[in-house]
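These are the residues of each chain, in order.
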Amino acid sequence: MLARYNRIANERLYEKCARLDNAEYRKARQGSFGSIHGLLNHILLGDRIWMARFEGEANRTPALNTILFEDLPGLRGARAAEDERIEAFFGRLDPEFLCKPIRYTNSKGQAYTESAPIAVSHFFNHQTHHRGQVHVMLSQTPEPPPSLDLHRIINP
């Protein structure tokens, strides 16, 4: 359910962001990562980091302000692909996954071990937290932010 919600919420948010002119989209704003563009890149980066951890492919964390894509169309395409990856992963999740530890090194070089349920909860909460920040930034533009309420997306 949360993977589906994530995809739909991202589609709605990116649709609104695509209606902004480039100056408005990149405008410096109060909040995490300084702009809508910076924040959208961070959300995608965070998702890629956690998915690699969940899939056992990586355990080191890059700088959290890394810009993965310089333009919105490239970022939007990568976002859609990542959301497909997330839905597929959680759609076929083996219940045993929730019993395993997730080991990784954070961006400051500290080693951590999280239980899978805590890591998955953080993963979805992180997305929602930062999408909310983009929502606030959008409210400062001519383009009104979309509704992102879970119960309205899952049960329209």
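Attention here is on the structure that accompanies the text. Per-chain numbering applies: the sequence of each chain, read as written, is numbered from 1 onward. In keeping with the predicted nature of the model, local features appear solely for residues at pLDDT of at least 70, side-chain atom pairs appear and are counted solely at 80 or more, and the whole-chain, interface and lining totals rest on all residues. Only hydrogens and water are set aside when side-chain values are computed; all heavy atoms of the structure are taken into account.

Turning to the packing of helix 1 (residues 2-18) against helix 5 (residues 116-138), a few remarks are in order. Axes here refer to lines fitted to C-alpha atoms; in helices the fit is confined to the stretch in contact. Angles between the N-to-C directions go from 0 to 180 degrees. Starting at the N terminus, helices and strands are each numbered in turn, a helix being any DSSP run of H or I of at least four residues and a strand any DSSP run of E of at least two. Put simply, helix 1 and helix 5 touch, their axes get as near as 11 Å, and they point 20° apart. With respect to each other, helix 1 and helix 5 are oriented roughly parallel. Our pair here, helix 1 against helix 5, has a crossing hand that is left-handed. Between helix 1 and helix 5, the contacting residues are Leu2, Ala3, Tyr5, Asn6, Ala9, Asn10, Leu13, Lys16 and Cys17 on the first element and Phe124, Gln127, Thr128, Arg131, Val134 and Leu138 on the second. Here the angle decides the label: under 35 degrees means roughly parallel, over 145 means roughly antiparallel, 65 to 115 means roughly perpendicular, and every other value means oblique. For any pair of crossing helices, the crossing counts as left-handed if the nearer helix is rotated counterclockwise from the farther one by less than a right angle, and right-handed if it is rotated clockwise. Contacts are residue-level and defined by heavy atoms, with any inter-residue pair within 4.5 Å sufficient.

Here is the rule: rings of Phe, Tyr and Trp (six-membered ring for Trp) pair when centre to centre is within 6.5 Å. Planes less than 30 degrees apart are stacked, more than 60 are edge-to-face, and the remainder are tilted. Scanning the model with the defined rule gives 12 aromatic pairs in all. Grouped by ring-pair contacts, the aromatic residues Trp50, Phe54, Phe89, Phe90, Phe97, Tyr104, Tyr112, Phe123 and Phe124 constitute a single cluster. Only when the NZ of Lys or the CZ of Arg is both within 6 Å of the ring centre and within 35 degrees of the ring normal is a charge said to sit over the ring. The cationic tip of Arg53 hangs over the ring face of Trp50; the distance from NZ or CZ to the ring centre is 4.3 Å.

What follows deals with the layout of surface pockets. Reported here for the largest pocket is a volume of approximately 240 Å³. Cavities and pockets are defined on a 1 Å grid built over the protein atoms alone: a cavity is a set of grid points where a 1.4 Å probe fits but cannot escape, while a pocket is an open set with protein on both sides within 12 Å along at least five of seven lines, and lining residues are those with an atom within 4 Å of any such point. Contributing to the lining of the largest pocket are 15 residues, with Trp50, Arg53, Thr61, Leu64 and His122 lying nearest its centre. Those elements giving two or more residues to the lining of the largest pocket turn out to be helix 3 (36-54) and helix 5. Per element, the largest residue contribution to the lining of the largest pocket is five residues, and it comes from helix 3. All amino acids are sorted into three groups, where Ala, Val, Leu, Ile, Met, Phe, Trp, Tyr, Cys and Pro are nonpolar, Asp, Glu, Lys and Arg are charged, and the leftover types, Gly among them, are polar. For the lining of the largest pocket, the per-class residue count stands at five nonpolar, eight polar and two charged. Grid points are joined across faces, edges and corners, and a volume is the space filled by probe spheres set on the points.

Pairing between two strands is assigned when DSSP locates at least 2 bridges connecting them. The pairing of strand 1 (residues 101-105) with strand 2 (residues 111-115) spans five bridges and is classified as antiparallel. Looking across to strand 2, one finds that Ile102 is bridged to Glu114. Hairpin geometry of strand 1 and strand 2 is characterised by an intervening segment of five residues between the two adjacent antiparallel strands and by a positive phi of about 85° at Gly109.

Turning our eyes to something else, we now look at the nonpolar core. Remark: nonpolar core denotes a set of buried residues (Ala, Val, Leu, Ile, Met, Phe, Trp, Tyr, Cys) joined through side-chain atoms within 4.5 Å. Each residue's exposure class comes from its accessible area (1.4 Å probe, protein chains only) as a fraction of the maximum for that residue type: buried when under 20%, exposed when over 50%, partly exposed otherwise. Core analysis: the largest hydrophobic core is formed by 22 residues, its most contacted members being Cys17, Tyr25, Ile36, Leu40, Val134 and Leu138. Elements supplying a minimum of two residues to this core: helix 1, helix 3, helix 4 (72-91), helix 5 and helix 6 (150-154). Considering each element in turn, this core owes the most residues, six residues, to helix 1. Discounting residues that sit within four places of it in the chain, Leu40 has contacts with Leu13, Tyr14, Cys17, Tyr25, Leu72, Leu75 and Val134. In this structure, Phe54, Phe97, Tyr104 and Ala116 belong to the second largest nonpolar core, which totals 15 residues.

What a helix is expected to span follows from its residue count: subtract one and scale by 1.5 Å. Counted at 1.5 Å a residue, the expected span for helix 1 with its 17 residues is 24 Å, and the 24 Å between its end C-alpha atoms agrees. Buried within helix 1 are the following residues: Ala3, Tyr5, Asn6, Ile8, Ala9, Asn10, Leu13, Tyr14, Lys16 and Cys17. Those residues of helix 1 that are buried lie in contact with helix 2 (22-26), helix 3, helix 4, helix 5 and helix 6.

Okay, the side chain of Glu24 next. Position of Glu24 relative to the elements: it lies in helix 2. Of the residues examined, Glu24 reaches a relative accessible area of 17% and is grouped as buried. As used in this structure description, the phrase polar contact means that two N or O atoms lie within 3.5 Å; if the pair is within protein, one of them must be able to donate a hydrogen and the other to accept it, and residues adjacent in sequence are counted only when both atoms belong to side chains. A distance of 2.5 Å separates a polar atom in the side chain of Glu24 from a polar atom in the side chain of Arg29. With sequence-adjacent residues up to four places away left out, Glu24 is seen in contact with Arg29, Gln140, Thr141 and Pro142.

A few words now on a nonpolar patch on the surface. Surface patches are drawn from residues lacking salt bridges whose relative accessible area is over 30%; two like charges belong together within 9 Å, two nonpolar side chains (Val, Leu, Ile, Met, Phe, Trp, Tyr) within 5 Å. In these tables, accessible area is a Shrake-Rupley quantity obtained with a 1.4 Å probe, and a residue counts as shielded only by the protein chains included in the view. We define a salt bridge as a contact between a side-chain nitrogen of Lys or Arg and a carboxyl oxygen of Asp or Glu at a distance within 4 Å. A cluster of nonpolar side chains, namely Met1, Leu2 and Leu150, defines an oily patch on the protein surface of about 270 Å² accessible area. With respect to the secondary-structure elements, Leu150 resides in helix 6.

Turning to the pattern of salt bridges, a few remarks are in order. Two side chains of opposite charge can pair, provided their charged atoms sit close to one another. For the structure shown, the criterion picks out 12 salt bridges. Residue Glu87 is joined to Arg7 by a salt bridge in which the shortest nitrogen-to-oxygen separation is 2.4 Å. Linking Glu87 in helix 4 with Arg7 in helix 1, this pair joins segments that are 80 residues apart in sequence. A relative accessible area of 25% places Glu87 in the partly exposed class. Owing to a relative accessible area of 22%, Arg7 belongs among the partly exposed residues under this scheme. Arg19 is paired through a salt bridge with Glu15; the nearest N and O atoms lie 3.5 Å apart. Residues joined in a network through salt bridges with shared partners are Glu15, Lys16, Arg19, Arg76 and Glu143.

Shape is all these values report; function is a separate question.
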